[in-house]
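Structural overview for review
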Amino acid sequence: MARAQAVVGRIEREHGAQALQAHLPIPADLFSLSDPVNDGNNNPDDEEEERPRVENVGIVQLAFNGAFTFDIALVSGPDADAQAARALFNQFEATSQGRASDFERQLSATFPLPGTGLPPQSRKLASYVFSNLLGGIGYFHGTSIENRMPETEADTFEWEYYADPDDEDAEEQLAAWRRARAARKQVAPATSLLTGTPSRSFFPRGFFWDEGFHLELVARWDSRLAARIVESWLATQDKATGWIAREQILGDEARSRVPDQFQEQAPHIANPPTLIMGARAVVDAMVTSSSGANGLFTDPNTANTATTNGTASAADTFIAAVVPGFYKHWQWLHKSQSGIPDDFGRSIGSPHVYRWRGRTERHNFASGLDDYPRADPPSIGELHLDLTAWMAWYARELAALARRSQAPGFRTSPATERMLLDLDTAADRASAHVRDVFWEPLTSGNTGSGGFGDLAVTASEDASYVHVRKGYVSLLPWILDLVPAATHPEQHAWSLALVRDLARGGHGAQSLHRDDEVYGQGEDYWRGSVWINWQYMVLRALHRDTARRVPGAKDLYDSVRADVLKTVADGYANTGFVHENYHGETGAPRGSHPFTGWTSLVLLIMSEQY
């Protein structure tokens, strides 16, 4: 460092401070360190100490004011000197510039942006979010914390919410159950995962339902990379049950970033099954691109090839490989999250209605919507609209994916035929229940009471009713195309009216309606904020309705899209980051940042790829 200071001082004296930058040598000349280091404290009586010591650690302090970049070149071997470092630096500089140009070129080709109608610096925003999304992909390995003791929810709900506060027996029963459960916590065997991350700084680990959204982008860029990620997630599956942990907190380092109460994963806790979206995106990319959408990180010698000479294409092979794992996961969801169809004053007569396990009075983490309001207090008799809609959609998507494969022996096998029959039946029944069980008839058109909601039970538990809390949960049947305008016009029209109402703030569709009694209260996480993964789903549904010539869909699509893009672009311009969510009324960035996980879907919204 002293040498660097001396060089800089000499240049400043010779050329003046104003010309300093133009005459500075490259960093390799300023900061090169040789291995032999003599600290000047050698003992002349000690022959060993007279020799220069060979050090293996060098410490350099760099002080910057404002934005900066720097490179570190490590040159080893007998010819290591400043000249070698300079050559390496120049080589790296040329390579990095070439890679950057390749990245920008492929980014423009993969996600072409329209020439008009976008906020300023949209190309810069596109490069920022996508490069960081790719940079957030990592390989994780380690043990996890599991608790396989089943939840006795009937008892815990009774102890926590229904028992007399002065009932000491109930209090002791609850305490005893909690002690017994804590004793069952265990360290699971080490596993590995290749996955994207929502935020490298705040959420540096894999989240099951986030990953489906990440892969919508990654698959378009590099289908082989995205396929490996899907396969890696399925490889974490419990082979006996089909369960996949919703958070992959692998190893001590990962656990150090997670509060103790959230480290434990339990095999009765689910998450929205959006990973199937990623699998579909992989297949779409493989089929539509002659190169299989191979990105910068794919070896061209092992690139995807189209079907030739009757052999299965990469898409066919991928489908045949992942469908069994997805089906096992769907079966686990169907079994572990099943609701009670025939009790609490109702008779549904079908097992295809569902309830998220693990819900508490204030949170439903399994749903992905954390503090979104539900019926109070919880009951084992309630049924959840969003989970039933996800299950109908999951069955339909998985069956459609399986039918696309032409891999020899897969499509026509008896096992596949049985699976397709099971999925088709489940999709039909669950879809019908969404429209019938979870719908309260409207009292006065689209502005009156009624609409989609969870099925709650009365305090006496002898009757059930639709508990409408207008927001993201209410929109899901329409988003997932379970209520098309052609066959269910009233429910579809109500959904469009709700989108229009939720988007009145001018920043996108808010997670909860302003008229809700808990709007903006408590943690205020999913109680009015704007989340970009939901904007993507809303806009995809509006884009679909526009193609079907649904009246009003195009104008609503244009309005919501413009609001969302402006909100994210303004936040990026003001802070230099994209965020976890945005304030529904002001558009101010909120939550953790940089959040280049599903907020990166703004790139697909800009390029109108749904």
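About the cut-offs
- Residues numbered from 1 in each chain as written.
- Predicted model: local features only at pLDDT ≥ 70, side-chain atom pairs only at ≥ 80, totals over all residues.
- Heavy atoms only, no water.
- Helix = DSSP H or I, 4+ residues; strand = E, 2+ residues; numbered from the N terminus.
- Buried < 20%, exposed > 50% of the residue type's maximum accessible area, 1.4 Å probe, protein only.
- Contact = heavy atoms within 4.5 Å.
- Areas by Shrake-Rupley, 256 points an atom, 1.4 Å probe, with all protein chains shown as cover.
- Patch = residues over 30% accessible without salt bridge, like charges linked within 9 Å, V, L, I, M, F, W, Y side chains within 5 Å.
- Salt bridge = Lys/Arg side-chain N within 4 Å of Asp/Glu carboxyl O.
- Core = buried A, V, L, I, M, F, W, Y, C linked by side-chain atoms within 4.5 Å.
- Phe/Tyr/Trp six-rings, centres within 6.5 Å; stacked < 30°, edge-to-face > 60°.
- Expected span 1.5 Å × (residues − 1).
- Axes fitted to C-alpha atoms, helices over the stretch in contact; angles between N-to-C directions.
- Parallel < 35°, antiparallel > 145°, perpendicular 65-115°, else oblique.
- Nonpolar A, V, L, I, M, F, W, Y, C, P; charged D, E, K, R; others polar.
- Lys, Arg positive; Asp, Glu negative; His and termini not counted.
- Charge placed at Lys NZ, Arg CZ, Asp CG, Glu CD.
- Left-handed = near helix turned anticlockwise from the far one by under 90°.
- pLDDT = per-residue confidence, 0-100.
- Pairing = 2+ DSSP bridges.
- Bend = angle between axes of the 7 residues up to and from the residue.

Comments concerning the overall build of the protein
- Broken down by element type, the protein carries 20 helices and twelve strands.
- A buried classification covers 50% of the 610 residues belonging to the protein.
- Long-range contacts, defined as pairs at least 24 residues apart, comprise 70% of the intrachain contacts of the protein with a sequence gap of at least 6.
- Summing over all exposed atoms, the protein offers an accessible surface of approximately 28,800 Å²; the carbon and sulfur share of this is 51%.

Overview of a nonpolar patch on the surface
- A cluster of nonpolar side chains, contributed by Val-60, Leu-62, Phe-64, Phe-68, Phe-70 and Ile-72, occupies part of the molecular surface with about 590 Å² of accessible area.
- Looking at the secondary structure, you find Phe-68 in the loop between β2 (53-54) and α5 (82-110).

Overview of the nonpolar core
- By size, the foremost hydrophobic cluster in this structure holds 142 residues, and its most contacted members are Phe-130, Phe-326, Trp-478 and Trp-534.
- Considering every element that reaches this core, the biggest residue donor is helix α14 (residues 385-403), with 13 residues.
- Beyond its immediate chain neighbours, meaning those up to four positions away, Phe-130 contacts Phe-103, Leu-107, Phe-111, Leu-217, Trp-221 and Leu-603.

A few points about the pattern of salt bridges
- By the definition in use, this model includes 31 salt bridges.
- A salt bridge links Arg-280 to Glu-216; its shortest N-O distance comes to 3.6 Å. With Arg-280 in helix α12 (residues 275-288) and Glu-216 in helix α9 (residues 208-221), the pair connects residues that are 64 residues apart, well separated along the chain.
- Among the ionic pairs, Arg-590 bridges to Asp-524, the shortest N-O distance being 3.2 Å. On the criterion of sequence distance, the pair formed by Arg-590 in strand β12 (residues 589-590) and Asp-524 in the loop between α17 (489-502) and α18 (532-547) is long-range, its members being 66 residues apart.
- Here the residues in one salt-bridge network are Glu-216, Arg-220, Arg-280, Arg-396, Glu-397 and Arg-540, joined through shared partners.

Description of the environment of Leu-385
- Note on placement: Leu-385 falls in helix α14.
- Measuring from C-alpha to C-alpha, the distance between Leu-385 and Ser-474 comes to 7.8 Å, with 89 residues separating the pair along the chain.
- Other than its neighbours up to four places away in sequence, Leu-385 contacts Val-434, Phe-438, Phe-452, Gly-453, Asp-454, Val-473, Ser-474 and Pro-477.

A word on the packing of aromatic side chains
- For the structure on display, the rule yields 28 aromatic pairs.
- With a centroid separation of 6.4 Å and an interplanar angle of 90 degrees, the aromatic rings of Tyr-525 and Trp-526 are classed as edge-to-face.
- Taking the relative accessible area as the measure of exposure, Tyr-525 reaches 22% and is therefore partly exposed.

Thoughts on the side chain of Asn-581
- Looking at the element boundaries, Asn-581 is found in strand β11 (residues 581-582).
- Beyond its immediate chain neighbours, meaning those up to four positions away, Asn-581 contacts Tyr-525, Ser-529, Val-530, Trp-531, Ala-588, Pro-589 and Arg-590.

Description of α5
- Along its 29 residues, α5 runs 41 Å from first to last C-alpha, staying within 8% of the 42 Å computed at 1.5 Å per residue.
- Listed as buried for α5 are Ala-85, Phe-89, Phe-103, Gln-106, Leu-107 and Thr-110.

Describing the packing of helix α6 (residues 122-135) against α9
- Where α6 meets α9, the axes come as close as 11 Å, and the angle between the chain directions of the two elements is 95 degrees. Accordingly, the angle class assigned to the pair α6 and α9 is roughly perpendicular. Packed against α6, whose contacting residues are Phe-130, Leu-133 and Leu-134, the element α9 presents His-214, Leu-217, Val-218 and Trp-221 at the interface.
- In terms of residue class, the contact of α6 with α9 is made up of six nonpolar, one polar and no charged.

Quick look at the environment of Thr-360
- Among the structural elements, Thr-360 can be located in the loop between α13 (314-336) and α14.
- Note on Thr-360: relative accessible area 33%, which makes it partly exposed.
- Leaving out residues up to four positions away in the same chain, Thr-360 has contacts with Tyr-161 and Pro-378.

Let's talk about a negative patch on the surface
- Negative charge collects at one region of the surface, where Asp-155, Glu-158, Asp-342, Asp-343, Glu-461 and Asp-462 lie side by side.
- With respect to the helices and strands, Asp-155 occurs in helix α7 (residues 153-162).
- Take Asp-155: its relative accessible area is 37%, and that puts it in the partly exposed class.

With respect to the packing of helix α16 (residues 472-479) against α17
- Relative to each other, α16 and α17 sit at 135 degrees, their axes nearing to 9 Å. Relative to α17, the element α16 is oriented oblique. In the crossing of α16 with α17, the sense of the turn from one axis to the other is left-handed. Residue-level inspection shows Ser-474, Leu-475 and Trp-478 of α16 in contact with α17, the latter providing His-492, Trp-494, Ser-495, Leu-496, Leu-498, Val-499 and Leu-502.
- Its residues placed into classes, the contact of α16 with α17 shows seven nonpolar, three polar and no charged.

Description of the confidence of the model for the protein
- Mean pLDDT over the protein works out to 89, with 89% of the residues at or above the 70 mark.
- Counted against residues more than four places away or in other chains, residues 299-311, with its pLDDT under 50, gives 17 contacts.

A short note on the pairing of strand β10 (residues 464-467)
- Examined bridge by bridge, strand β9 (residues 454-457) and β10 share four bridges and lie antiparallel to one another. Paired with Leu-455 across the bridge in β10 is Val-466.
- Counted between consecutive antiparallel strands, the loop separating β9 from β10 contains six residues, among which Glu-461 sits at a positive phi close to 60 degrees.

What to know about α9
- With 14 residues, α9 should cover 20 Å at 1.5 Å per step; its first-to-last C-alpha distance of 20 Å lies within 8% of that length.
- The principal kink in α9, of about 35 degrees, is found at Leu-215.

Some details on unusual backbone geometry
- Omega for the peptide link from Asp-376 to Pro-377 comes to 0 degrees, which places this bond in the cis form.
- Structurally, Pro-377 is set in the loop between α13 and α14.
- Following His-593, the chain continues to Pro-594 via a peptide bond in cis, the omega torsion being -5 degrees.
- With respect to the helices and strands, the residue Pro-594 is situated in the loop between β12 and α20 (602-607).
- Residues other than glycine seldom take positive phi values, yet Gln-121 does so here, at roughly 60 degrees.
- The phi dihedral of Asp-524 falls on the positive side, at around 50 degrees, and the residue is not glycine.

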